[in-house]
Amino acid sequence: MSASETRFDLFLSYNRLDLGVVEPFARALAERGVKVFKDDWYLRPGEFWPTALERNLAASRAVLVAVGRHGLGPWQQREAVAALDRQNQAIRDGLSFPVVPLLLDQGSASQAGLVFLLQNTWVTLSDPRALDLIEGAVHGKATAEIDAEIGPDPRQGICPYRGLRFFREEDAGFFFGRDADAKTLLAALEGHRMVGVVGASGSGKSSLVRAGLIPKLRRGASGHTWQIAVMMPGSRPYFALARVLLPLREPERITTWSKGEIDDETERLARRLERDGAEHLHHVVQQIFEEEPGTTHLLLLVDQWEELYTHRPREGEAAAAYAKQVRTFIGMLLAAVTIRDAVLKVVLTLRADYWGEVLNDPSLSARLTDEAIVHLRALARPALEQTIRGPAQAIGLGVPDALAETLLDDGFGQAGDLALLEYALQELWKERDARAHTLTLCAYQAMGRLPKAIVSRAEAVYRALDKDERDAVPGVFAALVQVGEARSDLRRRARLAELGDAARRVVGRLADERLLVTGRDGASGEQWVEVAHEALLRHWPKLEQWINERRDALVMVRQLQADARTWLEKGQHRGYLWSHERAREAAAALAGLTGEVVLSRHEQDFLGPIATGAIMAEVERSGTPHARRLFLGERLAILGDPRPGVGVSQDGVPKLAGSMVEVPGGSVAIDVRSDPNHPDSAVIDRRSFTVGRFWIARYPVTVAQYRAFLDAPDGWRDARWWEPDLYRDGEGNSYDFGRYG
């Protein structure tokens, strides 16, 4: 029977990543006689999805939105918006249309936001009564009755503030204060194919797009049906783009691939995008639309556009190669949005202090005209008040007027410190009066108010660590900072494997305290970690001190990592390797960081051996090829050969002390042969003489030692070394007259 002929009891909305949990629950409901609409049970392949969604929602008596730790999937975002819109319409018509959130695990509550604000009937999968409660909602049991069975309002356990994290699409119900900017951004997007959001760090650029613009697009505010792709460029922008496009192009197949297969497909797509540019990007967008008949436009959000510049190597071939890659990436996006009938639009967010990079790119600056730019400035006082009161009202949380006024006095006019206000509110929620369900002024004053809120938090967490953990903290943050030279430092997302053992052990603790954010890359499967917000870098003196103490070493290591990536991307060509002198500088930098940074295998291969013990071990292996021995010898000459008698000391003196071998005196016999050029010719004479005891170096004179002898004031030009064997003219040139010839 087709969906159009069927009236469903329940429309099931879920993320495909949660299918393993959702499927058995849906079948359990069906066994109870609840007629469940689940997409893969009824939808036909290639069906026009907007019509199908509207039809099947209209044919359902209620909606169950399953939410797990993965959050809402792309399709689920659309379904949730449509369900809430229908619920609002039902309320206006005096009817009932239950929308029931189902929390799949303990981590689900953090994904609340959009789904959970317009109703207060929640169900958790772990509740033994879950099936009964949902069945009751479907069959018309009053909301109040269900609430009474569930117990206290579960919204009281949800923090409506995001602290140092950006607002996500599903947090739209908590996003206040930027309504005018969101409308301006929507208008700019309707008139332009590439739009920029520019503002200070902490001003809410990412939140404006994710929680302000995208939900409006989902609801059809622009008259189009949108798919959304969100990327951050990192050091490999083509790979980052491929990583977000692949799941949209292959929504079914990717769920069956292994991690290795996903990695391979992402790499292939990245290479194809880099090779074929806008033409292939346009083709991929069309493939995405084929997977979702009815989708008309794709929005690509390039969040933190400044990463295209912050990962740029400083000098050399690596810098030139990376600059070329960035130019072609930007050129590809510019070309893609100008293709006739283009259905791709790009929104980028950019820190204001990197606007000069845009101005230095004529093509990009020509596209980002004044009308295509939304500048985020400090919020007006009424808008700032909305960011305080709006989220609280959404969950029935009280905010005393005295507290609101004090927060406004501290936060008004500080565009870059909006994140600090959010953080303070998050901390206030933790210290709320649970009985009265209200925030308090006393708690705010106790934390030192806004300017000291994040520092107080960081200091409190730091003091609570044990000594070993405290000792490891500087190394953690050292790995998470992109040190600047002309500009301020930036936070940096790092692979967890980059951190030393001690640092990795403390990361979990700092993440639990919301000073760090951790996650896993969906494509590579690698764990990553980053500072929760750059406000920590700007306001914590202790952190500033740690970074300044390590600045030169960190600049060197970041350059090494960038150049190693270029070397790898260029097929490990020898021309991209560092010189021995540069390797010595890197070795000193790594030694200064005392194990706080762990190089990847590729980075180690790029740098080559820097530990003299390891080099000597390789030299002494009989199977080491001659070419490798030459390389190792040159490396040792720069790093300093540890063997006594080899090389020169730092003051330029040949290292002979301790390397001399005694040769005892005695009689020496010399054969004189008929042909000096043939050692096998006849002996025609034999002469003997006595030699006294003397000393000789254990190893032959090296080039470095000989050069030191040539350059030393008491070396080559000192006549006492040569008289009476050599004749020297007045300028020190010598002529060997030879006493023995």
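Since we're looking at a predicted model, the values are computed, not measured.

**Quick look at the overall build of the chain**
- Looking only at helices and strands, one finds 29 helices and 21 strands in the chain.
- A buried classification covers 50% of the 741 residues belonging to the chain.
- At a minimum sequence separation of 6, the contacts of the chain that also span at least 24 residues come to 71%.
- When the accessible area of the chain is evaluated, it comes to approximately 35,600 Å², of which 51% is carbon and sulfur surface.

**Thoughts on the pairing of strand β7 (residues 226-231)**
- Most of β7 is tucked away, with 5 of its 6 residues classed as buried.
- Here β7 pairs with strand β8 (residues 297-302) via 6 bridges, running parallel. Considered in β8, the bridge of Trp226 is made with His297.

**Details of the pattern of salt bridges**
- Summed over all chains, the structure comprises 45 salt bridges.
- Residue Arg32 is joined to Glu135 by a salt bridge in which the shortest nitrogen-to-oxygen separation is 2.9 Å. Separated by 103 residues along the polypeptide, Arg32 in the loop between α1 (19-31) and β2 (36-37) and Glu135 in helix α5 (residues 130-138) bring together distant segments of the chain.
- Between Arg457 and Glu427 there is a salt bridge; the shortest N-O distance is 3.7 Å. Highlighted residues: Arg457 in helix α20 (residues 449-464) and Glu427 in helix α18 (residues 418-430), separated in sequence by 30 residues.
- Overall, the relative accessible area of 10% leaves Glu427 in the buried class.
- One connected set of salt bridges, linked through shared partners, spans Glu23, Arg27, Lys38 and Asp40.

**A look at the sheet that holds strand β1 (residues 10-13)**
- Taken in spatial order, the 5 strands of this open sheet run β2-β1-β3-β4-β5, and their pairing is parallel. Of all strands in the sheet, those bounded by a partner on one side alone are β2 and β5 (123-124).
- The pairing of β1 with strand β3 (residues 63-67) spans 3 bridges and is parallel. Across the sheet, the residue bridging to Leu12 is Leu64, located in β3.

**Structural notes on the sheet that holds β8**
- The strand order across the open sheet built from 5 strands is β7-β8-β9-β6-β10, with neighbouring strands paired in parallel fashion. The sheet is open, and its two edges are formed by β7 and β10 (373-376), each paired on a single side. Here the average twist between neighbouring strands, direction ignored, is 15°.
- Lying over the sheet, helix α9 (residues 237-249) contacts β7 and β8, oriented at roughly 145° with respect to β7.

**Some thoughts on helix α25 (residues 580-592)**
- Taking 1.5 Å per residue, 13 residues should reach 18 Å; α25 reaches 18 Å between its end C-alpha atoms and fits that length.
- Tucked into the core, α25 has its buried residues touching α24 (541-569), α26 (601-607) and α28 (626-639).
- Looking one or two residues past α25, Thr594 carries a phi angle of roughly 45°, positive in sign.

**Thoughts on the packing of helix α16 (residues 381-394) against α18**
- The contact between α16 and α18 brings their axes to 11 Å, and the two run at 30°. It follows that α16 is roughly parallel to α18 by the angle criterion. In this structure, the crossing between α16 and α18 has a hand that is right-handed. Facing Leu384, Thr387 and Ile388 of α16, the residues of α18 in contact are Leu418, Leu421, Glu422 and Leu425.
- Here the residues of the contact of α16 with α18 sort into 5 nonpolar, 1 polar and 1 charged.

**A look at the nonpolar core**
- Within the largest apolar cluster, 109 residues are counted, with the highest numbers of intra-cluster contacts made by Phe477, Leu510 and Leu516.
- Leu246, Ile254, Val343 and Leu350 belong to the second largest nonpolar core, which has 51 residues in total.

**What about the packing of helix α3 (residues 49-58) against helix α4 (residues 74-92)?**
- The contact between α3 and α4 brings their axes to 11 Å, and the two run at 45°. On the basis of their axis angle, the class for α3 and α4 is oblique. Considering the relative orientation of α3 and α4, their crossing is right-handed. When α3 is examined against α4, the residues Trp49, Leu53, Leu57 and Ala58 are found in contact with a partner set consisting of Trp75, Arg78, Glu79, Ala82, Ala83 and Arg86.
- In terms of residue class, the contact of α3 with α4 is made up of 7 nonpolar, no polar and 3 charged.

**Quick word on the confidence of the model for the chain**
- Counting all residues, the mean pLDDT for the chain is 83, and 87% of those residues have values of 70 or more.
- Here strand β21 (residues 734-736) stands out as the least confident element of the chain, with mean pLDDT 51; β8 is the most confident, with 96.
- For residues 1-5, every residue scores under 50 in pLDDT, and the model assigns this stretch 6 contacts once sequence neighbours within four places are set aside.
- Confidence drops under pLDDT 50 across residues 737-741; counting only partners more than four residues distant or on other chains, this segment forms 5 contacts.

**Observations regarding unusual backbone geometry**
- For Gln304, which is not a glycine, the phi torsion comes out positive at approximately 60°.
- Residue position: Gln304 is located in the loop between β8 and α12 (307-310).
- One non-glycine residue, His437, lies in positive phi territory at about 50°.

**Considering the packing of aromatic side chains**
- A complete count under the given rule lists 14 aromatic pairs for this structure.
- Ring centres of Trp540 and Trp546 lie 5.4 Å apart, and the angle between their planes is 70°; this geometry places the pair in the edge-to-face category.
- According to the relative accessible area criterion, Trp546 is buried, its value standing at 7%.
- Ring centres of Trp567 and Phe606 lie 5.7 Å apart, and the angle between their planes is 55°; this geometry places the pair in the tilted category. Here the residue Trp567 occupies a position in helix α24, and Phe606 occupies one in helix α26, the gap between them amounting to 39 residues.
- According to the relative accessible area criterion, Phe606 is buried, its value standing at 3%.
- Among the aromatic side chains, those forming a connected cluster through ring pairs are Phe8, Phe11, Phe37 and Tyr42.

**Some details on the environment of Leu397**
- When you line up the elements, Leu397 lands in the loop between α16 and α17 (401-411).
- Dropping the residues within four chain positions of it, Leu397 is found in contact with Pro160, Tyr161, Ala392, Trp429, Arg432, His437, Thr438 and Leu439.

**Some thoughts on the environment of Gly508**
- In this structure, Gly508 sits in helix α22 (residues 501-512).
- The exposure class assigned to Gly508 is partly exposed, which follows from its relative accessible area of 35%.
- Through-space distance from the C-alpha of Gly508 to that of Val529 is 9.6 Å; in sequence the pair is 21 residues apart.

**Description of a nonpolar patch on the surface**
- On the surface, Val661, Phe694 and Ile696 cluster together into a nonpolar patch covering about 230 Å² of accessible area.
- Considering the arrangement of structural elements, one finds Phe694 in strand β19 (residues 694-697).
- By relative accessible area, which is 36% here, Phe694 ends up partly exposed.

Rules used throughout
Residues numbered from 1 in each chain as written. Predicted model: local features only at pLDDT ≥ 70, side-chain atom pairs only at ≥ 80, totals over all residues. Heavy atoms only, no water. Helix = DSSP H or I, 4+ residues; strand = E, 2+ residues; numbered from the N terminus. Buried < 20%, exposed > 50% of the residue type's maximum accessible area, 1.4 Å probe, protein only. Contact = heavy atoms within 4.5 Å. Areas by Shrake-Rupley, 256 points an atom, 1.4 Å probe, with all protein chains shown as cover. Pairing = 2+ DSSP bridges. Salt bridge = Lys/Arg side-chain N within 4 Å of Asp/Glu carboxyl O. Axes fitted to C-alpha atoms, helices over the stretch in contact; angles between N-to-C directions. Expected span 1.5 Å × (residues − 1). Parallel < 35°, antiparallel > 145°, perpendicular 65-115°, else oblique. Left-handed = near helix turned anticlockwise from the far one by under 90°. Nonpolar A, V, L, I, M, F, W, Y, C, P; charged D, E, K, R; others polar. Core = buried A, V, L, I, M, F, W, Y, C linked by side-chain atoms within 4.5 Å. pLDDT = per-residue confidence, 0-100. Phe/Tyr/Trp six-rings, centres within 6.5 Å; stacked < 30°, edge-to-face > 60°. Patch = residues over 30% accessible without salt bridge, like charges linked within 9 Å, V, L, I, M, F, W, Y side chains within 5 Å.

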